[in-house]
Every structure is written in structure tokens, then in C-alpha cells.
Amino acid sequence: MENKICIIGLGYVGLPLAVEFGQKYATIGFDISRQRIDELANGHDKTREITDDYLVGVLKNHPLTFTTAIEETKDCNIYIVTVPTPIDKYKRPDLTPLIKASESISQVLKSGDIVIYESTVYPGATEDDCVPVLEAGSSLIFNKDFFCGYSPERINPGDKEHTITKILKVTSGSTPEIAKKVDDLYKSIITAGTHLAPSIKVAEAAKVIENSQRDINIAFVNELAVIFNKLGIDTQAVLEAASTKWNFLPFKPGLVGGHCIGVDPYYLTYKAQAIGYNPTIILAGRRLNDGMGCYVANQVIKLMIKKSLPIAKAKVLVLGITFKENCPDIRNSRVVDVIQELKEFDCQVSVYDPWADAHEVKKEYQIDLVQQLDFNDYQSIILAVAHNEFRAMPLKTSAYQVVFDIKSILDSATIDGRL
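Bear in mind the structure is a predicted one, so any value in this text is a computation, not a measurement. (Residues numbered from 1 in each chain as written. Predicted model: local features only at pLDDT ≥ 70, side-chain atom pairs only at ≥ 80, totals over all residues. Heavy atoms only, no water.)

Topic: empty space enclosed by the protein
Part 1 of the reasoning: For the coordinates displayed, the defined rule picks out 1 cavity of 30 Å³ or more.
Part 2 of the reasoning: The volume enclosed by the largest cavity comes to roughly 70 Å³.
Part 3 of the reasoning: Together, Val13, Glu118, Glu153, Arg154, Ile155, Ile164, Ile167, Leu168 and Lys169 line the largest cavity.
Part 4 of the reasoning: Split by residue class, the lining of the largest cavity holds 5 nonpolar, no polar and 4 charged. (1 Å grid on protein atoms, 1.4 Å probe; cavity = no way out; pocket = protein on both sides within 12 Å on 5 of 7 lines; lining within 4 Å. Points joined across faces, edges and corners; volume = space filled by probe spheres on them. Nonpolar A, V, L, I, M, F, W, Y, C, P; charged D, E, K, R; others polar.)

Here it is in C-alpha cells:
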């Protein structure tokens, strides 16, 4: 049977996947946002993962279409789910987008179809949480009438070097035969190759530990930054010296946000607690990283006090609010923690970010981005995100101003502090 693919969710993960599959197979991209579908149909991707010229070319020359109507995907035989898997306010997994996507697919699911999940989850979520929804909505039987696979996404938003086809893909399936089909499907577009995991649970676990490992390593260097600051030692100088050893891991301190590293560990710890084990190291790393925004704000306040600068009503400029450099993604940005803590000191905080969408920032964080910059207007400037635009800015400390560099991209001799 010829593959006809439907990608469910057209964000940072789903769109690049749809574009690649769309150049080889008949592909439909589905999203619940009419605005998103309209902009993509007109050849524009606001996430900047796909350039407009490239998207227009693919739409013109290949069988790729977009829709908000799930019934228009009824002829597809492969459904790939790439919706977000966030956490709630209590830092517990929120599977709502995943369950709703499964409910939508169940309306058009047919005998012989394969549903592949890419969203990051805890081990067991595909078969224990999603499959029952597919069965209930379709009246079909798992591994008899329809099948599932899991192939965790490894997209790195904003990274133009490690694009989707250049990142090795882990694959899995609910039966050996389906696992081979899923693996062959991804092999047809992933030039970096694939790794066929022995089970769906193994593939799920592999994904969730990737980001948990990074989170713990960043927490370690964040703790080092706190210690070395108390000792009056430049953390970056220490890391540069230590990195001369061939097997030293080159992690850097900073704010840990985004939709992966700052979220995924909670999926693993949730599952661990559900089976009666209370994880120690993973949660300790999360607590430390979650506290770094508050730490940065307090360091800035201390530096202002040392210069006898006023704190109440002080004007502070924060450069950057996206969760990483050269990327418009503002999801789970921990720059917000810095801003909120400064406001607790009654500072007047302004935020400038040429990459972020002002409307999205206002909707998500109730923050109005400034459009014009005059560095002389502020008592403190915090470089929070390492956008290329900020590297060339004339930032330099003075007797009347504090400059703090969270990302450590500025000359240490020209600033007051950094992590």
C-alpha cells in the first residue's frame, strides 16, 4: 500500500517533518489553529524553521497540503502526532493535547492504519494512555486492526545545522513487523540514519532521559557558578581551564527553559513517583535550575547597591525573552523569572527582543516589548538571550549603570557580572 501521511500538529516539530515527508509522499498537515493553517498555506512559517521561499517551493511542486478538518485526512494510512506535551501549574504532565490529538485520529482511523507518536512522554504513555483513546473512538482493536509506533522528536529549534534530516532518529513499533515499517518510513527521509529500539517503552524512555541528562549537567554548572561567585572566581575562566581536558563535558550555566529541558524531567519523575520511587538527583537539578532566575535578579540588585544606584523605581532593560538564541520560541522562557523577581524589588522592567512576536509575548506573559532602545535610560541592563543582534551592541558598564551578562558572551572586562 502506498503511504499517505498525516502530520498532527504543525509547530516547531511537525512542520519540518511535514515538509520532508511532503516531498516524498502525499502528505497532509493538520492543526487546530486556523491562523496557523492559513499562514502556512500562504507560504509563511512564523517559527522561522522553514524559510518562506523553501516552503512556497515545496507547496508548488509536491503533494503537501494543510487543513483544520480531520475528516479530510480519512484517506491517510499513517498518522504522526507532534503536539506539545507541557506540564501544569503543579509541574505534572499535561497530556491534554496528546489525548485530544488521539481523539481526533480515532474519528478517521481505519483497519491497517499506523499511528506514530513523536511527542515527549513518560515510558508507557503511548500504549497506556493514547491507545485506549484510539480504541474507544474507533471501535478498532490495537495490534489487530491498527498499530502504533513511537519515534521521539529531536528537533533543535533555531539550529540551522542540525536540521531534521541530519539528526539520527530513534524508531519503534507495537509489533516487530510494524517496527520495521516505521523504521523504513523514517529511513526514507532521514539521511543521518535510524536506530530501531526493541520496544515503544524503550524509545519513550530514551527520549525523556536525553533532556533529563542535560538538565542535570546544567544544574551542576549552575551550582558551580553560585559557589565560584561567592569565592570571587570567574566561572567562565574556570570552565575554560577545565575544558582543556579531553573528556570534560562543555556545559555552561544559564536559565533552563523551553519546551524540552525544563519540562521533560518532570515526565520521568512523575512516572517514577507513580511506581513508588522518589527520584532524588533529577528533582534536585530541577529545583536548582528553576531558581536561577531569582538568583540572577538578586545578583543584579546587589551590584546596583554596590554602585549606590536606586532600587525602587529603577529602570532595568532585559535583552531577550525567547528561551534560546536566534529563535522566536517563547514557551516556558525562564527569563520571566528574572523579570518577576526584579518587579518584586519595585524595579521598572523593559524587555526588548527582535526575535519574539510582541502579540505572543503579551498574550503569554502580559509583557509589552519595547521597540526603541536608548541604553542611557536604564540603571541596569541584563543580557538574557544570546541573539546575534545583541553581540554587536555597545554594552559597557559605567558608574551609573550595571551590565549583567547571563549568557557570558560579552567581554568580562566591560561588564559588572555574569554567571
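Still to come is the rest of the account.
Let's talk about the packing of helix H7 (residues 200–231) against helix H8 (residues 235–242)
Part 1 of the reasoning: Packing of H7 against H8 leaves a shortest axis separation of 9 Å and a crossing angle of 125°. The angle between H7 and H8 places the two elements in the oblique class. Counted together, Val221, Leu224, Ala225 and Phe228 of H7 and Thr235, Val238 and Leu239 of H8 form the full contact between these two elements.
Part 2 of the reasoning: For the contact of H7 with H8, the per-class residue count stands at 6 nonpolar, 1 polar and no charged. (Axes fitted to C-alpha atoms, helices over the stretch in contact; angles between N-to-C directions. Helix = DSSP H or I, 4+ residues; strand = E, 2+ residues; numbered from the N terminus. Parallel < 35°, antiparallel > 145°, perpendicular 65-115°, else oblique. Contact = heavy atoms within 4.5 Å.)

Comments concerning the pattern of salt bridges
Part 1 of the reasoning: The tally for this structure, following the rule as stated, stands at 21 salt bridges.
Part 2 of the reasoning: For the salt bridge of Asp45 with Arg36, the shortest nitrogen-to-oxygen distance reads 3.0 Å.
Part 3 of the reasoning: Residue classification places Asp45 among the buried positions, given a relative accessible area of 2%.
Part 4 of the reasoning: Classification of Arg36 as buried rests on a relative accessible area of 6%.
Part 5 of the reasoning: The residue Glu118 makes a salt bridge to Lys169 at a minimum N-O spacing of 3.2 Å. Linking Glu118 in the loop between strand S5 (114–117) and helix H5 (125–138) with Lys169 in strand S7 (residues 169–171), this pair joins segments that are 51 residues apart in sequence.
Part 6 of the reasoning: For Glu118, a relative accessible area of 2% puts it in the buried group.
Part 7 of the reasoning: Connected via shared salt-bridge partners are Lys91, Asp215, Arg286 and Asp290. (Salt bridge = Lys/Arg side-chain N within 4 Å of Asp/Glu carboxyl O. Buried < 20%, exposed > 50% of the residue type's maximum accessible area, 1.4 Å probe, protein only.)

Considerations on the packing of H7 against helix H10 (residues 281–290)
Part 1 of the reasoning: Contact pair H7 / H10: the axes reach a minimum separation of 9 Å and the direction vectors enclose 55°. Between H7 and H10, the angle falls in the class oblique. For the element pair H7 and H10, the recorded crossing hand is left-handed. Across the interface between the two elements, Asp215, Ile216, Ile218, Ala219, Asn222 and Glu223 from H7 touch Ile281, Ile282, Gly285, Arg286, Leu288 and Asn289 from H10.
Part 2 of the reasoning: Across the contact of H7 with H10, the residue classes tally to 6 nonpolar, 3 polar and 3 charged. (Left-handed = near helix turned anticlockwise from the far one by under 90°.)

Considerations on the pairing of strand S9 (residues 315–319)
Part 1 of the reasoning: Most of S9 sits inside the fold, with 4 of its 5 residues counted as buried.
Part 2 of the reasoning: Where S9 and strand S10 (residues 348–352) come together, 5 bridges link them in parallel fashion. Bridging from a neighbouring strand, Val316 pairs with Val349 of S10.
Part 3 of the reasoning: The pairing of S9 with strand S11 (residues 380–383) spans 4 bridges and is classified as parallel. Looking across to S11, one finds that Leu319 is bridged to Leu383. (Pairing = 2+ DSSP bridges.)

Observations regarding the pairing of strand S12 (residues 402–405)
Part 1 of the reasoning: A two-sided burial pattern is seen for S12, the buried positions comprising Val402 and Phe404 on one face and Val403 and Asp405 on the other.
Part 2 of the reasoning: Alignment of S11 against S12, held across 4 bridges, turns out to be parallel. Looking across to S12, one finds that Ile381 is bridged to Val403.

Some points on the nonpolar core
Most often, soluble globular proteins have nonpolar side chains that are buried together.
Part 1 of the reasoning: Grouped together as the largest cluster of nonpolar side chains are 37 residues, with contacts concentrated most on Ile8, Val81, Val115, Tyr117 and Cys148.
Part 2 of the reasoning: No other element matches H5, which puts 4 residues into this core.
Part 3 of the reasoning: When neighbours within four sequence positions are excluded, Ile8 is seen to be in contact with Phe30, Ile70, Ile80, Val81, Thr82, Val83, Ala101 and Ile105.
Part 4 of the reasoning: Core analysis: the second largest hydrophobic core is formed by 36 residues, Ala314, Val335, Leu342 and Phe404 among them. (Core = buried A, V, L, I, M, F, W, Y, C linked by side-chain atoms within 4.5 Å.)

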